[in-house]
Amino acid sequence: MFLWNPKDCISDLANRPDPDDGPRRSTVIGKFRNAAVKEFGPKDTSVDKTNYQIVLELDTRGDKSIQKKVMEKVSALSGVYDVSLDTETDTLIIKGDTKLHMVVEEVGNYCDCISANMSIMQPEKEDEKSVLEGKVSAGNLPPSTSGSGDSGSEINTPVVSGKSIITPPNVRNLDMYWYSFQNFLDQRKRPLTLSGCTAKDAIDFLCMRQTSANAEVLVRGLSAACEAYGITPKENPFRSLPVITYLKETRRITREADCVLVFWCSDNLDEDETHFVEAILKELLEQGVTPLTYSLSQRENLDEKMMLYRSNVGIMVVSNSFAYSRQSLDHLVAIMEYCKAKHLVITPLYLKVTPSEILGWEGRFEQVLPSYSDFVQADRIQKWKAALTDMASIDGHQWSKGSQFMLAKKVVRNTCFRLDLKNNKNLVRILALLNHPQPLDAEIEGIWGMAGIDFHRMCKSKGLRQMRDDFLSKVFREEKLGIGACDTKPSFMREWFQKRAILVVLDDVSNARDAEYVFGGFSWFSRGHRIILTSRSKQVLVQCKVKEPYEIQKLYEFESSRLCKRYLKEESAIISELMSCSSGIPLALKVLVSSVSEQHVNDMKEHLQSLRINPPTKIQEAFRRSFDGLDENGKNLFLDLACFFNGENKDHVVQLLDACSFFTYLGICDLIDESLISLLDNKIEIPIPFQDIGRFIVHEEDMDPCERSRLWDSNDIIDVLTNNSGTEAIEGIFLDASDLTCELSPTVFSNMYRLRLLKFYCSNTSGYQCKLSLPQGLDTLPDELRLLHWEHYPLDNLPQKFIPENLVEINMPYSNMEKLWEGKKNLEKLKKIKLSHSRKLTDVLMLSEAMNLEHIDLEGCTSLIDASTSITHLGKLVSLNMKDCCRLQSLPSMVDLTSLKVVNLSGCSELEDIQGFPPNLEELYLAGTPLRELPFSVEDLSELSTLDLENCVRLQKLPSGVRNSRSIVNLKLSGCTSLELGKRKR
């Protein structure tokens, strides 16, 4: 089999001069032409009289009209008896006695032909020896490249003297990459044979040879070539799972803007140019940037939209090769035009040629370009000259022998900087903020962001007076000024600077009064004056009269990944963990990565965990500048959030901490304005570095955990509980008790007088895992408790001495309780109770005392029979869940519960009587209940949107109000086998 550039092949078969190559390359192309004619010329009658299968990969862009036209024209060719087109892959298969160049010429009138494969329909079987020598059989190629699947012997054409090249289907110009791959294996630290190549070797090569073409097509072609040389599919590195994973990642990353275009015009004869390009590609990869490489002399069509859009920064290696390829010059014209139209930034690298030689038409350009005038239109040559002139006028770098590696580093460093400027969403947004028509009044712009976004602490050591004097010296253009207080009055300043353009940048403003002092107030600024302020606090900027402060965004994932790879040269699993631990904060990521990179690979994860426990000083200092400015309410609130509530619903947190005498809502707003936390889907989000420092602050309260205010580490908590060493210093305990087994003393909480928040939970939900036992019972719980969350509570009731008057939430699923306690208790502050799956629970009479209760969850309480007197007076109740309470027999009327929105009674298999529903009910779940009919009050539920009656096998009819309801949007009746819905009209 032989695959070639279709257009070049057509010209070769016609024995015409090569249209795109100058005098120096004619000898090489002449050899190519003779080889092609030798195999496919008219003298070879054995080829002419044989039926062929021709497989073409087209580029119709999915245009059905083009596909139809191609089918019609190819079908009409002499000798063709079968034509098929796969519209999804654009693969055209032709069978018959016809000439390949005729087919390609006909197709080329309507669309581009990416690849061509011609094989004899009935081949002779080839032995293994001939395959290993390079004589390819289609039977050895993967199914995806063999067209209809017919096997056949294919023609192997010598392209370079002494070598045979296999160019598998579906890849254009694969010969260059196949030889590069062989050279790549030879140049490994331990030179490899094809059979010794691993998946890692294949991925390393693909990284170096990322092209604008579909990477999957390139891999498929290289895979076919490997198997053509005798590598089995199972051992083929290009079919391995790591390579498949790499392809998926390539598709994702090349959709991002973190790519650089690399252009050159190489004929593969200049080793210096080849090595220089490879040095650039290697350096780009080490910087975490994806290089998109384009050899302009190897491309027939330059699709600017498909190619150039993938990045806005590029590198072009300019050499004498441009003078010998008209194709490359045409591509250069297109690239330079695109640069002007779309602001593509190109950095030229001049290799063995200087800008002055190009501008003065000296050297090779002087020798070669005039020779084109005999057969190339003058306007085309003028476009070449204009493009070369534009390129040579761009500041670039000059190559010199032996300097390619240092030059590659310098160029890539500058290119990455330009890439950052082009792709940095913060910078783009700030420039857009400043680049607008001049308003009628002064402009005061504000930029704010979290600690670690790299604001500088400008002139702090000078003091405000010195900063003020410096500012006035600058605006008055005098080094030493003797200005009194009256000279800085707004009226004087306004009159003096009314017609002057002034730009002022004040960095890291922590107090609006400081900015006012430095400027002498803001009221004197007028038209033509622009003030830019940066701060970590949004409110400071608002007080400085900034209308719409711009918040600096965190790093995107691909930006974090590239920053990691600059320090960690080797790909490692720790990169994703570093990105997660830094939460997109540049300073945190840089400090963590630089610290981790100094460790041995095996110690990296352990070292990273130690950095989280004891955060680096630089991160602490950046955080402290925001944290220390908070009042006591804000500080304590942040510590609670960092230790216990990251990722929790904001409304839930507000409800709990308001009961702890915090001004929670206002405090959360302040923390958001200080960029210490954020809200995502109404959930508290704290950057991991800030959470770690918050916990570090608590950890530094005392070396002994029993003297700290908040405990979250399981080792510390178990140590305190088992040794019964708790003190009044402890305000909160959150313990993940999964897989823990320990016995607690009856007096374990006796000395924790100030405990507000207690949570024993099991993150491992697969079975009964929480085994905290109280073999001698429990004497009491702290009366200051607001949250009592104890999963798998082992006792049958709560301590009788416990006074729950401050409780806001009881969350005790899977408990062994039969009742909460004996007698009545003050539950005035209780808002939520969850006792789900407490299978021994029989008594919930105490709920009648909780007049402010909003949520009841008794799902799966299979021993509960009666709740009739427990809920009738709970006027603030919003949701009632008694799903799968299989022994519950009746419910009282709920018509007075006007706040109740959701009732779930599904699975209550003995519930036969419901006296009435709340009037504002929105969701009602009765699936699997034995009800025969619904209460008539259901017809008055004008807000009801969901009614679930699934598998109510005894239900016989629906009230007319339900059938005609306009509010119900979700009605489930499947499995209601006794339901009469009326006769249907036929």
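As recorded in an unreviewed UniProt entry, the protein chain goes by Disease resistance protein RPP2A isoform X2 and comes from Raphanus sativus.

(A) Up close: the overall build of the protein chain. A count of helical and extended segments in the protein chain gives 33 helices and 31 strands. The buried share of the protein chain, taken over its 986 residues, is 51%. Accessible surface, the protein chain as shown: approximately 47400 Å² in total, 48% of it carbon and sulfur.

(B) Main features of the side chain of serine 675. For serine 675, the location among the structural elements is in the loop between helix H30 (664–673) and strand E14 (678–680). For serine 675, a relative accessible area of 3% corresponds to the buried category. Filtering out sequence-adjacent residues up to four positions away, serine 675 remains in contact with Trp448, Gly449, Met450, Arg536 and Phe690.

(C) Local environment of the nonpolar core. Ranked by internal contacts, the top residues of the largest apolar core, which has 84 residues, are Phe749, Leu758, Trp790, Leu835, Ile856 and Met882. Per-element accounting of this core gives the leading share, four residues, to helix H32 (residues 714–722). Apart from residues no more than four positions distant in its own chain, methionine 882 is found in contact with Leu858, Glu859, Leu864, Ala867, Leu888, Leu891, Asn904, Leu905 and Cys908. Val596, Leu630, Cys660 and Phe690 belong to the second largest nonpolar core, which has 53 residues in total.

(D) View of the environment of leucine 877. You can see leucine 877 is positioned in the loop between strand E24 (855–857) and strand E25 (879–881). Classification of leucine 877 by relative accessible area gives buried; the value is 0%. Leucine 877 sits 25 residues away from asparagine 852 along the chain, and the two C-alpha atoms are 7.5 Å apart. Beyond its immediate stretch of four places on either side in the chain, leucine 877 contacts Leu853, Glu854, His855, Ile856, Ser899 and Leu900.

(E) Structural detail: the pattern of salt bridges. Considering all chains together, one arrives at 19 salt bridges under this definition. As a salt-bridge pair, arginine 536 and aspartate 508 come within 2.9 Å of each other at their nearest N and O atoms. Highlighted residues: arginine 536 in the loop between strand E12 (529–535) and helix H22 (538–543) and aspartate 508 in the loop between strand E11 (502–506) and helix H21 (512–519), separated in sequence by 28 residues. Between lysine 819 and glutamate 822 there is a salt bridge, with the nearest N and O atoms lying 3.4 Å from each other. The partly exposed category is assigned to glutamate 822, whose relative accessible area is 46%. What emerges from the salt-bridge pattern is a single network uniting Asp640, Arg710, Glu731, Arg754 and Arg756.

(F) Layout of the state of the cysteines. Tallying each qualifying case throughout the model produces zero disulfides. Unpaired in this structure, cysteine 908 has its nearest cysteine sulfur neighbour in cysteine 885, at a distance of 5.2 Å. With relative accessibility at 0%, the residue cysteine 908 sits in the buried group. Of all cysteine sulfurs in the structure, the one in cysteine 952 sits closest to cysteine 976, which takes part in no disulfide; the separation is 5.2 Å. Of the residues examined, cysteine 976 reaches a relative accessible area of 10% and is grouped as buried.

(G) Looking closely at the pairing of strand E7 (residues 313–318). Among the six residues of E7, six are classified as buried, and the element is accordingly described as predominantly covered. Residue alternation in E7 divides its side chains into two sets, Val313, Ile315 and Val317 and Gly314, Met316 and Val318, and both sets are buried. As judged from the four bridges shared by strand E5 (residues 259–264) and E7, these two strands associate in the parallel manner. Of the residues in E7, the one forming a bridge with leucine 261 is glycine 314. Bridge count for E7 against strand E8 (residues 345–350) is six bridges, and the pairing is parallel. Along E8, the bridge assignment pairs glycine 314 with isoleucine 346. Crossover handedness for the path E7 to helix H13 (residues 326–342) to E8: right-handed.

(H) Main features of a negative patch on the surface. A cluster of acidic residues, Asp704, Glu707, Asp719 and Glu728, forms a negative patch at the surface. If you trace the backbone, glutamate 707 turns up in the loop between helix H31 (688–699) and strand E16 (710–711). Given the relative accessible area of 36%, glutamate 707 is considered partly exposed.

(I) Spotlight on the sheet that holds E16. Strand order in the open sheet formed by twelve strands is E16-E17-E19-E21-E22-E23-E24-E25-E27-E29-E30-E31, with parallel pairing between adjacent strands. Pairing within the sheet leaves two strands with one partner each, and these edge strands are E16 and strand E31 (970–972). Summarising the sheet, strand E29 (residues 923–925) and strand E30 (residues 946–948) pair through three bridges and their orientation is parallel. Counted as the bridge partner of tyrosine 925 is aspartate 948 from E30.

(J) Main features of the packing of helix H24 (residues 574–582) against helix H26 (residues 604–613). Where H24 contacts H26, the axes come no closer than 11 Å and their chain directions differ by 10°. Judged by the inter-axis angle, H24 sits roughly parallel to H26. From H24, Ile574, Glu577, Leu578 and Cys581 reach across to H26, where they touch Met604, Lys605, Leu608, Gln609 and Arg612. Among the residues forming the contact of H24 with H26, the class breakdown is five nonpolar, one polar and three charged.

(K) Molecular detail of the environment of cysteine 742. Along the chain, the position of cysteine 742 falls in strand E18 (residues 741–743). Separated by 20 residues in sequence, cysteine 742 and threonine 722 place their C-alpha atoms 7.5 Å apart. Residues in contact with cysteine 742, not counting those within four places in the same chain, are Ile718, Thr722, Lys771, Leu772 and Ser773.

(L) Expanded view of helix H11 (residues 271–286). Between the first and last C-alpha of H11 there are 22 Å, a value that for 16 residues agrees with the 22 Å anticipated at 1.5 Å per step. Of the residues making up H11, those classed as buried are Asp272, Glu273, Phe276, Val277, Ala279, Ile280, Leu281, Glu283 and Leu284. Of the residues one or two after H11, glycine 288 is the one with positive phi, at around 80°.

(M) Examining the sheet that holds E11 more closely. With parallel pairing, the four strands of this open sheet are ordered in space as E11-E12-E10-E13. Here the strands that pair on one side only, and so sit at the sheet edges, are E11 and strand E13 (550–551). Where E11 lies against E12, five bridges are found, and the strand directions are parallel. By the bridge assignment, leucine 503 is partnered in E12 with arginine 530.

How each quantity is defined
- Residues numbered from 1 in each chain as written.
- Predicted model: local features only at pLDDT ≥ 70, side-chain atom pairs only at ≥ 80, totals over all residues.
- Heavy atoms only, no water.
- Helix = DSSP H or I, 4+ residues; strand = E, 2+ residues; numbered from the N terminus.
- Buried < 20%, exposed > 50% of the residue type's maximum accessible area, 1.4 Å probe, protein only.
- Areas by Shrake-Rupley, 256 points an atom, 1.4 Å probe, with all protein chains shown as cover.
- Contact = heavy atoms within 4.5 Å.
- Core = buried A, V, L, I, M, F, W, Y, C linked by side-chain atoms within 4.5 Å.
- Salt bridge = Lys/Arg side-chain N within 4 Å of Asp/Glu carboxyl O.
- Disulfide = S-S within 2.5 Å.
- Pairing = 2+ DSSP bridges.
- Right-handed = clockwise from strand over helix to strand, strands pointing away.
- Patch = residues over 30% accessible without salt bridge, like charges linked within 9 Å, V, L, I, M, F, W, Y side chains within 5 Å.
- Lys, Arg positive; Asp, Glu negative; His and termini not counted.
- Charge placed at Lys NZ, Arg CZ, Asp CG, Glu CD.
- Axes fitted to C-alpha atoms, helices over the stretch in contact; angles between N-to-C directions.
- Parallel < 35°, antiparallel > 145°, perpendicular 65-115°, else oblique.
- Nonpolar A, V, L, I, M, F, W, Y, C, P; charged D, E, K, R; others polar.
- Expected span 1.5 Å × (residues − 1).

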